[in-house]
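Listed here are the chains, written in short residue letters.
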Amino acid sequence: MNSEIYLLYLAAVAVFFATPPDTSQLLIISNAMKHGLRRSLWVIAGDLGANVIQMTAAAFGLAAVIATSAQAFGLIKWFGVAYLVWIGLRLVLSNKGQGAAQAAHSAHPARLFRMGFVTSMTNPYAVVFFAALFPQFIDPTVAVLPQLLILGATYLALDGVTLMAWGWAGDRVAARLGRTSFALINRVSGGLMIGAAILLGLRDVAPPR
């Protein structure tokens, strides 16, 4: 891959991440506040795992199917919205006596990985995004697969660093508030998850053309 094209790609992705927190970033902030950054790395792993599948789907042309089917696009999107709202409401409505037990239960690595994976996987815009992004930086005169691997690995690395930065910020805020303030942490975390659902829901239901 031409070094100038790669640097341009880096700049484009960096600009993309230099925005206010989106759905996945709000999710990692919420979990870092509740469980700490170290445990929340499982959420990041789930998010990036879903990205790998979405990149693969884009590479094999499944983005075209999603982009032309408003029904499939909307169904995937609203499932993700409902999932985030459900998690957020459980946190907001939890009582103080359940705080410690609920925190221990929800901090299981498998649950955190699943949360990150499902939240990212139910964002139908991701596959379309990758399908639109990658071709802009691929040279069709040379082998395409190595270029896709480079672009994909670079995106995952930058995404992972960005999510960890947001998670660190959430962890610091929770440390200032006191990690044992379960009621307050739960309400803030739940509110962030509901906010992430609202962000996803406010986007157009119809797939981009």
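Residues numbered from 1 in each chain as written. Predicted model: local features only at pLDDT ≥ 70, side-chain atom pairs only at ≥ 80, totals over all residues. Heavy atoms only, no water.

Close inspection of predicted coordinates is inappropriate for parts of the model with low pLDDT. Looking at the protein chain as a whole, the pLDDT averages 78, with 78% of positions reaching at least 70. Looking across the protein chain, the model is least confident in helix α6 (residues 99-106), with a mean pLDDT of 50, and most confident in helix α3 (residues 37-59), with 91. A low-confidence stretch, residues 97-101 (pLDDT under 50), is modelled with 3 contacts involving residues beyond four sequence positions or located in other chains. The low-confidence segment residues 205-209 (pLDDT under 50) makes 16 contacts with residues lying over four places distant or belonging to another chain. (pLDDT = per-residue confidence, 0-100. Helix = DSSP H or I, 4+ residues; strand = E, 2+ residues; numbered from the N terminus. Contact = heavy atoms within 4.5 Å.)

Going through the model one piece at a time under the given rule, you end up with 1 cavity of 30 Å³ or more. The volume enclosed by the largest cavity comes to roughly 40 Å³. For the largest cavity, the full set of lining residues is Ser 24, Leu 27, Ile 28, Val 43, Ile 44, Asp 47, Gly 116 and Leu 163. Residue assignment for the lining of the largest cavity shows that the elements contributing at least two residues are α2 (23-35) and α3. (1 Å grid on protein atoms, 1.4 Å probe; cavity = no way out; pocket = protein on both sides within 12 Å on 5 of 7 lines; lining within 4 Å. Points joined across faces, edges and corners; volume = space filled by probe spheres on them.)

Turning our attention to a nonpolar patch on the surface. A contiguous nonpolar surface patch, about 250 Å² in accessible area, is contributed by Leu 41, Val 161 and Met 164. Position of Leu 41 among the secondary structure elements: in helix α3. (Patch = residues over 30% accessible without salt bridge, like charges linked within 9 Å, V, L, I, M, F, W, Y side chains within 5 Å. Areas by Shrake-Rupley, 256 points an atom, 1.4 Å probe, with all protein chains shown as cover. Salt bridge = Lys/Arg side-chain N within 4 Å of Asp/Glu carboxyl O.)

A few words now on the packing of helix α1 (residues 3-17) against helix α9 (residues 144-177). Contact pair α1 / α9: the axes reach a minimum separation of 11 Å and the direction vectors enclose 35 degrees. Crossing of α1 over α9 shows right-handed handedness. Judged by residue contacts, Tyr 6, Tyr 9, Leu 10, Val 13, Phe 16 and Phe 17 of α1 engage Ile 150, Leu 151, Thr 154, Tyr 155, Leu 158, Asp 159 and Thr 162 from α9. Taken together, the residues that form the contact of α1 with α9 break down as 10 nonpolar, 2 polar and 1 charged. (Axes fitted to C-alpha atoms, helices over the stretch in contact; angles between N-to-C directions. Left-handed = near helix turned anticlockwise from the far one by under 90°. Nonpolar A, V, L, I, M, F, W, Y, C, P; charged D, E, K, R; others polar.)

Between its first and last C-alpha atoms α2 spans 18 Å; for 13 residues at 1.5 Å apiece the expected length is 18 Å, and the two agree. Of all 13 residues in α2, 13 are buried, a share of seventy percent or more. (Expected span 1.5 Å × (residues − 1). Buried < 20%, exposed > 50% of the residue type's maximum accessible area, 1.4 Å probe, protein only.)

Orientation of α3 relative to helix α8 (residues 125-133), taken along the N-to-C sense of each, is 55 degrees, at an axis distance of 8 Å. Between α3 and α8, the angle is such that the two are oblique. Considering how the two elements wind past one another, α3 and α8 form a crossing that is right-handed. The segment α3 lies against α8, with Asn 51, Gln 54, Met 55, Ala 57 and Ala 58 engaging Ala 126, Val 127, Phe 130 and Ala 131. Its residues assigned to classes, the contact of α3 with α8 comprises 7 nonpolar, 2 polar and no charged. (Parallel < 35°, antiparallel > 145°, perpendicular 65-115°, else oblique.)

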